Amino acid sequence: MNLRSTLSTLLLLAALLPAARAANHVLEIKSAADYVTIPDSDSLDLAATFTLEAWVKGNPGEGAVVSKRRSEGGTGVRLAVIQGKVQIGFNNDPGGNRGINVVVESPKLIEPGKWYHIATTYDGTIAKVYINGSLEGSFEFSESLINSSMPMTIGQEGIPGGPGPFLGLIDEVRVWNRALSAEEIQSRMSIQLTGEEPGLVGYWNFDDQTASDRSVYRNDGELIGGAQLVEDPLIFLQIHRAVEIISVSGSSTSTYQLQFKPDATADEWTNLGEPFTGGEPVQFFDSTRAGQKLYRAIRLQ
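Calculation notes
- Residues numbered from 1 in each chain as written.
- Predicted model: local features only at pLDDT ≥ 70, side-chain atom pairs only at ≥ 80, totals over all residues.
- Heavy atoms only, no water.
- Helix = DSSP H or I, 4+ residues; strand = E, 2+ residues; numbered from the N terminus.
- Buried < 20%, exposed > 50% of the residue type's maximum accessible area, 1.4 Å probe, protein only.
- Contact = heavy atoms within 4.5 Å.
- Areas by Shrake-Rupley, 256 points an atom, 1.4 Å probe, with all protein chains shown as cover.
- Core = buried A, V, L, I, M, F, W, Y, C linked by side-chain atoms within 4.5 Å.
- Salt bridge = Lys/Arg side-chain N within 4 Å of Asp/Glu carboxyl O.
- pLDDT = per-residue confidence, 0-100.
- Pairing = 2+ DSSP bridges.

**Focus on the overall build of the protein**
Piece 1. Each helix and strand in the protein was counted, giving one helix and 24 strands.
Piece 2. The buried share among the 301 residues of the protein stands at 50%.
Piece 3. By sequence separation, contacts in the protein at least 24 residues apart represent 68% of the contacts at least 6 residues apart.
Piece 4. Per element, the accessible surface of the protein, about 13600 Å² overall, is 49% carbon and sulfur.

Structure follows, in structure tokens:
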């Protein structure tokens with residue numbers, strides 16, 4: 001669809017529905033007895049570099065989203081939400097049960113009942129924490145990590161029935177054996193993976209209604225306690241080429257910003273990506289909400 005106008009603000013009422021797909025399933029954790037356990041394997045030894053990431057929605061109390069507890073002489077690692085802050089924790093045991101604890105957390109809080117993408121990376125020298133693809137915290141940490149022989153868990157701290165569950169919904173859990181860049185996190189967080197991406201050693205999206213691993217390493221998990229897989233609206237953002245700005249206000253060099261709201265009665269507009277220049281086709285992210293959507297292009301200069 002092409003828009004040619006001399007107005008600085010364009011309004012377009014459009015009904016764009018995403019392509020139909022199977023229902024999205026997510027992991028639901030309701031108590032400390034609920035979690036997914038994944039047997040230890042060589043591919044899940046996080047002793048050099050790694051990335052842990054997931055989509056979460058719940059009550060941001062104290063709970064681990066992805067955890068690999070330390071064994072004696074090993075290093076424990078977890079991605080958690082603690083009092084609303086996203087956190088990476090290291091618990092290093094160089095032997096003799098002498099622990100070294102390092103925690104890096106975001107100053108930003110996540111809100112209850114909303115979906116967030118959270119991630120943490122470690123490249124051997126710096127640990128980083130991300131929320132929705134934005135870097136929110138980092139810390140230099142060059143302690144030697146040691147392989148842990150403990151199972152990996154999703155939704156729990158790693159001790160069956162122990163404290164530290166993430167009470168809520170978890171989806172698209174991914175474990176990598178390398179530190180993803182911010183650009184890689186941003187470009188992949190809102191799409192499903194094939195399972196064959198280089199460095200991907202664990203991928204649980206629960207859409208087959210099991211805790212099977214969709215990576216090539218097949219680190220399949222098992223639902224424990226009352227952990228269950230339930231349907232929840234698709235959290236991903238789908239890409240639509242909806243509006244192509246040809247010329248606005250008579251200038252092909254002006255910069256614009258595309259915005260949308262889910263219906264004409266909504267109060268707030270949501271920005272869709274970075275500002276773009278007139279004359280360029282616009283490809284943007286559009287949330288998967290049914291019904292009509294209101295779009296507008298704002299001339300910034």
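So that's the structure; there's more coming.
**Structural notes on the nonpolar core**
Piece 1. Counting residues in hydrophobic clusters, the biggest one holds 40 residues, and the most contacted among them are Leu-27, Phe-50, Val-56, Val-65, Phe-90, Ile-154 and Ile-170.
Piece 2. Ranked by the residues each element gives to this core, the list is headed by strand S5 (residues 50-58), at four residues.
Piece 3. Counting eight residues, the second-largest nonpolar core is a separate cluster that includes Tyr-130, Trp-176, Ile-185 and Tyr-203.

**Quick look at the environment of Phe-206**
Piece 1. Following the sequence through the fold, Phe-206 ends up in the loop between strand S15 (200-204) and strand S16 (222-224).
Piece 2. On the basis of relative accessibility, which here comes to 1%, the residue Phe-206 falls in the buried class.
Piece 3. Residues Phe-206 and Ile-170, spaced 36 residues apart in sequence, show a C-alpha to C-alpha distance of 9.5 Å.
Piece 4. Phe-206 has contacts with His-25, Val-26, Leu-27, Ile-154, Ile-170, Asp-171, Val-173, Ala-211 and Leu-229, leaving out every residue within four places of it along the chain.

**A few points about the pattern of salt bridges**
Piece 1. All told, the structure shown has eight salt bridges when counted by the stated rule.
Piece 2. Connected through shared salt-bridge partners, Arg-178, Glu-184 and Arg-188 make up one network.

**Looking at the environment of Thr-121**
Piece 1. If you trace the backbone, Thr-121 turns up in strand S10 (residues 116-122).
Piece 2. Residue classification places Thr-121 among the buried positions, given a relative accessible area of 3%.
Piece 3. With 71 residues separating them along the chain, Thr-121 and Phe-50 place their C-alpha atoms 5.8 Å apart.
Piece 4. When sequence neighbours within four positions are dropped, the list of residues in contact with Thr-121 reads Phe-50, Thr-51, Ile-88, Ile-126, Ala-127, Lys-128, Tyr-130, Ala-179, Leu-180 and Ile-185.

**Here we look at unusual backbone geometry**
Piece 1. Of note, the phi angle at Glu-172 is positive, near 50°, even though the residue is not glycine.
Piece 2. As for its placement among the helices and strands, Glu-172 is situated in strand S14 (residues 168-176).
Piece 3. The backbone of Arg-218 shows a phi angle near 55°, a positive value even though the residue is not glycine.
Piece 4. Its location among the elements puts Arg-218 in the loop between S15 and S16.

**As for the confidence of the model for the protein**
Piece 1. Across the protein, the average pLDDT comes to 74, with 61% of residues at 70 or higher.
Piece 2. Predicted confidence in the protein is weakest over strand S2 (residues 9-14), with a mean pLDDT of 33, and strongest over S15, with 98.
Piece 3. Here residues 237-251 is a poorly scored stretch, pLDDT under 50, and it has 63 contacts once near neighbours within four places are set aside; other chains count.
Piece 4. Low pLDDT (under 50) marks residues 281-292, which in the prediction has 47 contacts with non-local residues, meaning those over four places away or in another chain.

**Quick word on the pairing of S5**
Piece 1. S5 sits mainly inside the fold: nine of its nine residues count as buried.
Piece 2. Burial of the side chains of S5 extends over both faces: Phe-50, Leu-52, Ala-54, Val-56 and Gly-58 are buried on one face and Thr-51, Glu-53, Trp-55 and Lys-57 on the other.
Piece 3. Relative to S10, S5 runs antiparallel, the two being bridged by seven bridges. Among the inter-strand pairings, Thr-51 is bridged to a residue of S10, identified as Thr-121.
Piece 4. Relative to S14, S5 runs antiparallel, the two sharing seven bridges. In the sheet register, Thr-51 faces S14, and the bridge partner there is Trp-176.

**Digging into the pairing of S10**
Piece 1. Counting buried positions along S10 gives seven out of seven residues, so the element sits mostly inside the fold.
Piece 2. Every second residue of S10 is oriented toward a common face, with Tyr-116, Ile-118, Thr-120 and Tyr-122 on one face and His-117, Ala-119 and Thr-121 on the other, all of them buried.
Piece 3. Relative to strand S11 (residues 126-131), S10 runs antiparallel, the two sharing five bridges. If you follow Ala-119 over to S11, its bridge partner there is Tyr-130.

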